Each structure stands twice: as structure tokens, then as C-alpha cells.
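# Survey of secondary and tertiary structure
Residue-level listing of the chains:
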Amino acid sequence: MQTGSPLLLASIDSIRPVFLIVMGISLLMLAWRLSKDAGRWSGRFMFSGAILLAVGYSVVMPLYEAGKIERMSEHVHGDMATAMAWHVVKLVTMNTGWLFFGLGLALHASVFGSRPSREILVSSPQ
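Quick summary incoming for the structure in this document. (Residues numbered from 1 in each chain as written. Predicted model: local features only at pLDDT ≥ 70, side-chain atom pairs only at ≥ 80, totals over all residues. Heavy atoms only, no water.)

## As for the overall build of the chain
Short version of the rule: Starting at the N terminus, helices and strands are each numbered in turn, a helix being any DSSP run of H or I of at least four residues and a strand any DSSP run of E of at least two. Accessibility here uses a 1.4 Å probe with only protein chains present; expressed as a share of the type maximum, an area under 20% marks a residue as buried, one over 50% as exposed, and anything in between as partly exposed. The contact rule is simple, with two residues in contact once any of their heavy atoms fall within 4.5 Å.
Across its full length, the chain holds three helices and zero strands. Along the chain, helices (α) and strands (β) appear in the sequence α-α-α when read from the amino end. Buried positions account for 24% of the 126 residues belonging to the chain. A sequence separation of at least 24 residues applies to 65% of the contacts in the chain between residues at least 6 apart.

## Remarks on the nonpolar core
Inclusion rule: Nonpolar cores were defined as sets of buried Ala, Val, Leu, Ile, Met, Phe, Trp, Tyr and Cys residues, with membership established by side-chain atoms within 4.5 Å.
The biggest cluster of nonpolar side chains holds 11 residues, and these are Leu 20, Leu 27, Ala 31, Ala 38, Met 46, Ala 50, Leu 53, Tyr 57, Met 61, Met 94 and Phe 101. Those elements that provide at least two residues to this core are α1 (12–37), α2 (40–66) and α3 (80–108). Counting residues per element, this core draws most heavily on α2, at five residues. Other than its neighbours up to four places away in sequence, Ala 38 contacts Gly 43, Met 46 and His 108.

## Some points on the packing of aromatic side chains
Selection criterion: Two aromatic rings from Phe, Tyr or Trp, using only the six-membered ring of Trp, form a pair when their centres are within 6.5 Å; if the ring planes differ by under 30 degrees the pair is stacked, by over 60 it is edge-to-face, and anything between is tilted. Both a distance and an angle decide whether a charge sits over a ring: NZ of Lys or CZ of Arg must be within 6 Å of the ring centre and within 35 degrees of the ring normal.
For the structure shown, the criterion picks out three aromatic pairs. Aromatic pair Trp 41 and Phe 45: ring centres 6.2 Å apart, planes at 40 degrees, arrangement tilted. Residue Trp 41 and its partner Phe 45 are located together in helix α2, separated by four residues, close to a single helical turn. For Phe 45, a relative accessible area of 23% puts it in the partly exposed group. Seen from the ring of Trp 32, Lys 36 lies directly overhead, with NZ or CZ sitting 4.3 Å from the centre. Lying over the aromatic face of Trp 41, Arg 44 brings its terminal NZ or CZ to 4.9 Å of the ring centre.

Okay, structure coming up:
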């Protein structure tokens, strides 16, 4: 009698969509919490980027992993226009989401703002 490892039941291919969904929802909750304390535009950028990333990670990417959306490759078995449209949706949601989320974080951290100048005190020899 051969006993298998229980880890074989949870292969990486079956866990990946669940991980993507959890990651998208977690990112959305993190951005929601951060945008409460953020300024007006930094919160908007951060939260809109998180919404786009949540849609990308929680909807589009699991559909790709499940095979419900055909991937762009040399051997497209279905409609090429539909595969191209889903590829564009994936690119726009993920790249624009990371751009907006990163811009919101940068604005929240005042990366682009002017900082008060620090005077360097140099002691002169007497």
C-alpha cells in the first residue's frame, strides 16, 4: 500500500487562483486603510489603482489560470480578436493599477513635495 503525501493534493496550479484572489482583496483592503489617512489626490490615486489591481488579480488572472480566457500565443484555438481583447484588458488593468497605486503611495509619502532646507551648522575655528 502506497501512501501519498497530503501536499500532492494541493498542487501549485490549483492554489494559484486562490492566492491571486486573496492577494487582490488584501491589496484593496490595504489601500482602503492607507487612503483614510492620505490626502485628497493621493488617496484617490492609491484607491483607484488598488481597485484596478483587485479586478486584475481577483477576476482576470484567475480566469486565465482556469483556462476560461484564452491566452495570447501562436496557437490560438478560439477567436483571435477575443484573445487580443482580453490580453489588452489584462495589460491595462494591471499596468495602470500599479501606476496609479504607486503614484498614490509616492504622493502620500510626499516624494514629490519640497522639503524644508536644513541649515548645516559649521563650527568655525576660533
